[in-house]
Amino acid sequence: MGALLSNLPAVIALLVLLAFMAYVAIRVNPGFLIKRVAGLVFVVMGVSFITFVLGFWGSGPNGIEAVIGQCGTRCTPNILKNLENVYGLRDPWYLQYGHYLERLVHGDLGLSYSNRNRTVWDILGQGVPVSLTLQAFAIPLTIIAGVPIGIYSAIRAGSRFDTTTNSVSLLFFAIPSYLLIVYYRFVMVFLAVRNLPHLPVSGWGDPIDIVAPAVILAAVGAAFFTRLSRTSMLEVLGQEYIRTARAKGLRERVVIFKHALRNAIIPLVTALGPTLAFAVTGAFFTELLFNIPGVANAAVASITNKDLPVIQGVVIMTAVAVALMNLAVDVIYGVLDPRIKVV
Amino acid sequence: MADKLLEVQNLRTQFFTRGGVVKAVEDVSFYLDESETLGVVGESGCGKSVTALSVMRLIDRPGKIVGGRILFRGEDVLEMDEEELYELRGGKIAMIFQDPTTSLNPVFTVGNQISEAIKVHLKLDDRAARNRTIEMMERVRIPDARRRYTQYPHEFSGGMRQRVMIAMALSCNPQLLVADEPTTALDVTIQAQVLDLMKALSEEFKTATMLITHDLGVVAGMAQRIVVMYAGRVIEEAPTRALFATPAHPYTQALLSAVPRSSVPRGTRLTAIPGQPPNLVNLPAGCSFAPRCPKVQPRCRVERPELETVGPNQRAACFYPY
Ligand SMILES: Nc1ncnc2c1ncn2[C@@H]1O[C@H](COP(=O)(O)OP(=O)(O)O)[C@@H](O)[C@H]1O
Ligand SMILES: [Mg+2]
């Protein structure tokens, strides 16, 4: 129960995913679904093949180095041979890839090369909930901050509010997030040495730790969503059906919140798809610089250790996430825009 | 009867753009009686739409109504506050536009879009509004109205969409219907059907119509009187018959000679006049039509002719009419 509570955001994310899948299964016609699932299989195959081939030769043949690392200082040729057998490293690459695929079909991502007795699932299972927790705060914050500001900006186009918003969002959009983090650290250190109240500059575990990385992630995302929703709303407000709505004698409130907003959010959904999909790995710098034990850390460690199965796992997981989010976007699109027939 | 239904006096509407002040409507005056159909004719860009939108107070930035009065049953639309405008728009004056495809909101059902106006103006509940909507859809002869109530605009053909717009416009019993090129975007065969429908319904509902078009063929069979606009001004005003028989302004004559005289087929466009209309930012001194006028005299280039009576109920802005 305690574990469940501490992973609450991840649990919520999982429930949302399940609810969405159930909805898709009911609403979407089977042909569309079959096509998309087939597409998903194709994506996973392609992505795993490319990563395997790149990883296999890129990390020095056969992952031997990674395994030697695991074998440690007291390594004997016998132990090494034993390990090579465990991982099947003696086989030619196509056989190794074949075995990998075979296991993948059963949902098995294999064993880590560099961590004794740890499966890839185990390693991902530690990182993913942490990353999801961070995103469970950052993404809503992104949207809650970005979209209303952009919409309001469009309604008041040309006003002081609009021009200010434009400059600020451009600034945040242009600054890389790691620079923001550097500035943030600078300010916090400045406050700390003067014994003023301040936030932690890194770490994970305390609820307060999540504030800064979530806000910094959201600032960059919100800048993007502000600009996007402003453009989208401006475009919609210039449409003739808005003039029709006004000519009908509808109140401005109804014109904006019913007729305009409903159309303006359609392009935002498209942007939301990739945003969500890259959420797991997208916060790379932020997770690393804040020393958060999420997917980014696992990925970096696996690359440094030439731990091919873990790299594979991260890449495949991201690909599946992207594909699922695209499916979600298409379905939501079909619901929002009656002209599109997917549902 | 003391008051006209609509009386526009010396209306001036301008757009304040980077390229200068566009004088889209300059000193335009006209009127409509109850139940009357008035044709407003002129080449594209002469200010017809801007006039119509000004009457509804729908001119947006960078545009502004800078002068004149718009009296609807004696009340000045330009003095109305927001609340009065909400009642006026859709309730007393309804408008339909050129392109029914872009004029309907793609994400709401047709029934939703018609009934929302009904709920606002006739203060009906959902159910009564729905019934009224379906009744209106039947009256504009949309087949199978009950089923089509829940369909979206993209499921309708162009002609059917314009019928939806007409149903929407007439659903709240307006006294005036402003139709801005209602058939321009439609196929020629559909044009005739939609015009016949508009004519029948405006007679049935006793709605006055301001029918805007660049197509003389459209107004010939519809309007009792015609106002001809050029470069943001009214240059001739006459009963339809007089205008076709004895056009006074050389521009009107040119418009008419551009189409076969005896039968004016629908779909005839007013494009056969040589030259371009003037730039509305820098209008030439004198008569705006002078540079294109076949009968131009030296006086026309220095002095602007005012609208003056040239025949029974006929007025023209020309020093040398007929
Ligand atoms: N939003 C706008 N900004 C600048 N100029 C405009 C705008 N709307 C209309 N105009 C100008 O006003 C003039 C009249 O336009 P309009 O009334 O639409 O002509 P039409 O007779 O074809 O309906 C045109 O010259 C046009 O360029
Ligand atoms: Mg027009």
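Cut-offs and rules
- Residues numbered from 1 in each chain as written.
- Chains lettered and ligands numbered in written order.
- Predicted model: local features only at pLDDT ≥ 70, side-chain atom pairs only at ≥ 80, totals over all residues.
- Heavy atoms only, no water.
- Axes fitted to C-alpha atoms, helices over the stretch in contact; angles between N-to-C directions.
- Helix = DSSP H or I, 4+ residues; strand = E, 2+ residues; numbered from the N terminus.
- Parallel < 35°, antiparallel > 145°, perpendicular 65-115°, else oblique.
- Left-handed = near helix turned anticlockwise from the far one by under 90°.
- Contact = heavy atoms within 4.5 Å.
- Pairing = 2+ DSSP bridges.
- Core = buried A, V, L, I, M, F, W, Y, C linked by side-chain atoms within 4.5 Å.
- Buried < 20%, exposed > 50% of the residue type's maximum accessible area, 1.4 Å probe, protein only.
- Salt bridge = Lys/Arg side-chain N within 4 Å of Asp/Glu carboxyl O.
- Near = heavy atom within 4 Å.
- Polar contact = N/O pair within 3.5 Å; in protein donor to acceptor, adjacent residues only side chain to side chain.
- Areas by Shrake-Rupley, 256 points an atom, 1.4 Å probe, with all protein chains shown as cover.
- Nonpolar A, V, L, I, M, F, W, Y, C, P; charged D, E, K, R; others polar.
- Patch = residues over 30% accessible without salt bridge, like charges linked within 9 Å, V, L, I, M, F, W, Y side chains within 5 Å.
- Lys, Arg positive; Asp, Glu negative; His and termini not counted.
- Charge placed at Lys NZ, Arg CZ, Asp CG, Glu CD.
- Buried area = accessible area lost by both parts, 1.4 Å probe.

Caption draft 1: Broad picture of the packing of helix H7 (residues 120–155) of chain A against helix H8 (residues 160–174) of chain A. Residues and elements named next belong to chain A. Where H7 meets H8, the closest approach of the two axes is 8 Å, and the angle between their N-to-C directions is 135°. Here H7 lies oblique to H8, going by the angle between them. Crossing of H7 against H8: the hand is left-handed. In contact with Ile149, Tyr152 and Ser153 of H7, H8 contributes Phe161, Asp162 and Thr165.

Caption draft 2: Up close: the sheet that holds strand E7 (residues 176–180) of chain B. All names here are of chain B. One open sheet accounts for 8 strands, arranged E6-E7-E8-E3-E9-E10-E12-E11; its pairing is mixed. Bordering the open sheet on either side are strand E6 (93–96) and strand E11 (308–311), each of which pairs with just one other strand. Across the sheet, the mean angle from the axis of one strand to that of its neighbour is 25°, orientation sign disregarded. Summarising the sheet, strand E9 (residues 225–230) and strand E10 (residues 233–239) pair through 6 bridges and their orientation is antiparallel. Each bridged residue has a counterpart across the sheet, and for Val227 the counterpart in E10 is Glu237. Its contacts with the sheet put helix H8 (residues 188–204) on E6, E7 and strand E8 (208–213), and the angle it makes with E8 is roughly 155°. Relative to the sheet, helix H11 (residues 250–257) contacts strand E3 (37–41), E9 and E10, its axis offset from that of E9 by approximately 105°.

Caption draft 3: Structural detail: the nonpolar core. Residue and element names in this part refer to chain B. Counting 99 residues, the largest nonpolar core has Leu6, Phe30, Ile166, Leu176 and Met210 as its most contacted members. Element by element, the count of residues in this core is highest for helix H7 (residues 158–170), at 8 residues. Ignoring sequence-local partners within four residues, the contact set of Leu176 consists of Leu5, Leu6, Leu32, Phe72, Lys92, Ile93, Ala94, Thr207, Ala208, Thr209 and Met210.

Caption draft 4: Molecular detail of the pattern of salt bridges. Tallied over the full model, the rule gives 24 salt bridges over all chains. The residue Arg118(A) makes a salt bridge to Asp122(A) at a minimum N-O spacing of 3.1 Å. The class for Arg118(A) is partly exposed, based on a relative accessible area of 24%. Residues Arg339(A) and Asp337(A) are paired through a salt bridge, measuring 3.0 Å at the closest nitrogen-oxygen approach. Here the salt bridges share partners, and the residues they tie into one network are Glu36(B), Arg225(B), Glu237(B) and Arg315(B).

Caption draft 5: Just the site of ligand 1, in detail. Residue and element names in this part refer to chain B. By nearness alone, 13 residues border ligand 1, and Gly45, Gly47, Lys48, Ser49 and Val50 come closest of all. Gly47 is positioned such that a nitrogen or oxygen atom in its backbone is 3.1 Å from an oxygen atom of ligand 1. Protein chains shield 66% of the accessible area of ligand 1, which is 550 Å² for the free molecule. Listed by contribution, the elements that provide at least two residues to the shell around ligand 1 are strand E1 (6–17), strand E2 (20–32) and helix H1 (48–55). If one sorts the elements of the shell around ligand 1 by residue count, H1 sits on top with 3 residues. In the shell around ligand 1, the residues fall into 6 nonpolar, 5 polar and 2 charged.

Caption draft 6: Structural detail: the sheet that holds strand E4 (residues 63–72) of chain B. Residues and elements named next belong to chain B. Pairing in this open sheet of 4 strands is antiparallel, and the strands run E2-E1-E4-E5 from one edge to the other. Edge positions in the open sheet fall to E2 and strand E5 (75–76), since each of these has one partner strand only. Here E4 runs beside E5; their pairing, made up of 2 bridges, is antiparallel. Opposite Phe72, over in E5, you have Glu75 as the bridge partner. On the sheet, H1 packs against E1, E2 and E4 and is oriented at approximately 110° with respect to E1.

Caption draft 7: Just a nonpolar patch on the surface, in detail. Residue and element names in this part refer to chain A. On the surface, Leu14, Leu15, Leu17, Leu18 and Met21 cluster together to form a nonpolar patch covering roughly 470 Å² of accessible area. On the secondary structure map, Met21 appears in helix H2 (residues 8–27). Overall, Met21 belongs to the partly exposed group, its relative accessible area being 40%.

Caption draft 8: Highlighting a negative patch on the surface. All names here are of chain B. On the surface, a cluster of negative charge is contributed by Glu75, Asp81, Glu82, Glu84 and Glu87. With 3 residues, helix H2 (residues 82–88) is the single largest residue contributor to the negative patch. Position of Glu75 among the secondary structure elements: in strand E5.

Caption draft 9: Up close: the interface of chain A and chain B. Contact with chain A, which involves 21 residues of that partner, is made by 30 residues of chain B. In total, about 2300 Å² of surface goes out of reach between chain A and chain B, with carbon and sulfur atoms giving 56% of it. Among the residues of chain A in contact with chain B, Arg243(A), Lys248(A) and Pro338(A) are the three that bury the most area, contributing 25% of the side total. The tally of links between chain A and chain B comes to 4 salt bridges. Residues Glu116(B) and Lys248(A) are paired through a salt bridge, measuring 2.6 Å at the closest nitrogen-oxygen approach. Counting the contacts that link chain A with chain B gives 16 residue pairs in polar contact (both at pLDDT 80 or more). At 7 residues, the largest contribution of residues to the side of chain A that touches chain B is made by helix H12 (residues 252–277) of chain A. Per-class residue counts for the side of chain A that touches chain B are 8 nonpolar, 4 polar and 9 charged.

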